[in-house]
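Structural features, examined
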Amino acid sequence: MSSTFVVQKECSWAIRNFAMVGSPDMVPFFVQVSGIAVIKCMLGYEDTQVVLNGLEALMATLRGAGDHLERISLIVEEEGILDLLEKLQCSNNSSVADEAFTITDEYFASEENPRLGELMPVAGNGGNAFSFAAPQMPTLTL
């Protein structure tokens, strides 16, 4: 196990914990500092615990979004996280699949597509890079 992997896994725990125990006032800050992009990286990682940490961080961010839910949901969609959630629903790990389905069902199902997560193709295992570089993110206007 490389030292880089160990650091990345520890960072995934820190991000998860920040999202889960942070106050609702911290959610906009988390989004503004590219927290959603970091979660996207976590969801594309091969390690199951890192993926679960990413899913839990995403769920906590959406639950704590309050009045900002619509804007944060849009950022999640713009980042391509819905595609990752769809792929994760086909995971061999039932915890990953269940959490991905729950997030999709609770926050991204609509009247036009109420069961979004059940009609997804199985995709190949690509995009396994895990980086904490800050990509350009839309600014969250409060």
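Residues numbered from 1 in each chain as written. Predicted model: local features only at pLDDT ≥ 70, side-chain atom pairs only at ≥ 80, totals over all residues. Heavy atoms only, no water.

Points about the nonpolar core
Counting 35 residues, the largest nonpolar core has Leu-43, Leu-55, Leu-58, Ile-72, Leu-85, Ile-103 and Phe-108 as its most contacted members. Secondary-structure elements contributing two or more residues to this core are helix H1 (3–21), helix H2 (27–32), helix H3 (35–43), helix H4 (48–63), helix H5 (69–78), helix H6 (81–88) and helix H7 (94–107). No other element matches H4, which puts 9 residues into this core. Excluding its chain neighbours within four sequence positions, the residues that come into contact with Leu-43 are Val-51, Gly-54, Leu-55, Leu-58, Ile-81, Leu-84, Leu-85 and Leu-88. (Core = buried A, V, L, I, M, F, W, Y, C linked by side-chain atoms within 4.5 Å. Buried < 20%, exposed > 50% of the residue type's maximum accessible area, 1.4 Å probe, protein only. Helix = DSSP H or I, 4+ residues; strand = E, 2+ residues; numbered from the N terminus. Contact = heavy atoms within 4.5 Å.)

Quick notes on the pattern of salt bridges
What the rule picks out here adds up to 2 salt bridges. Residue Lys-9 pairs with Asp-47 through a salt bridge whose shortest N-O separation is 3.4 Å. One end of the pair, Lys-9, is in helix H1; the other, Asp-47, is in the loop between H3 and H4, with 38 residues separating them in the sequence. In this structure Asp-47 comes out as buried when scored by relative accessible area, which is 19%. (Salt bridge = Lys/Arg side-chain N within 4 Å of Asp/Glu carboxyl O.)

Quick look at H3
Of all 9 residues that make up H3, 7 are buried, and the element is covered over most of its length. Looking at H3, one finds that the buried residues are Gly-35, Ile-36, Ala-37, Val-38, Ile-39, Met-42 and Leu-43. Considering only its buried residues, H3 is in contact with H1, H2, H4, H5 and H6.

Considerations on the environment of Gly-64
You can see Gly-64 is positioned in the loop between H4 and H5. Measuring from C-alpha to C-alpha, the distance between Gly-64 and Met-20 comes to 8.7 Å, with 44 residues separating the pair along the chain. Setting aside chain neighbours within four positions, we find Gly-64 in contact with Pro-24 and Val-27.

Digging into H4
The end-to-end C-alpha separation of H4 is 22 Å, in line with the 22 Å expected for 16 residues at 1.5 Å each. Judged by how many residues are buried, H4 sits mostly within the fold: 12 of 16 residues are covered. Within the span of H4, buried status applies to Val-50, Val-51, Leu-52, Asn-53, Gly-54, Leu-55, Ala-57, Leu-58, Met-59, Ala-60, Thr-61 and Leu-62. Those residues of H4 that are buried lie in contact with H1, H2, H3, H5, H6 and H7. Structurally, the start of H4 carries an N-cap: the backbone nitrogen of Gln-49 is 3.1 Å from a side-chain oxygen of Asp-47. (Expected span 1.5 Å × (residues − 1). Polar contact = N/O pair within 3.5 Å; in protein donor to acceptor, adjacent residues only side chain to side chain.)

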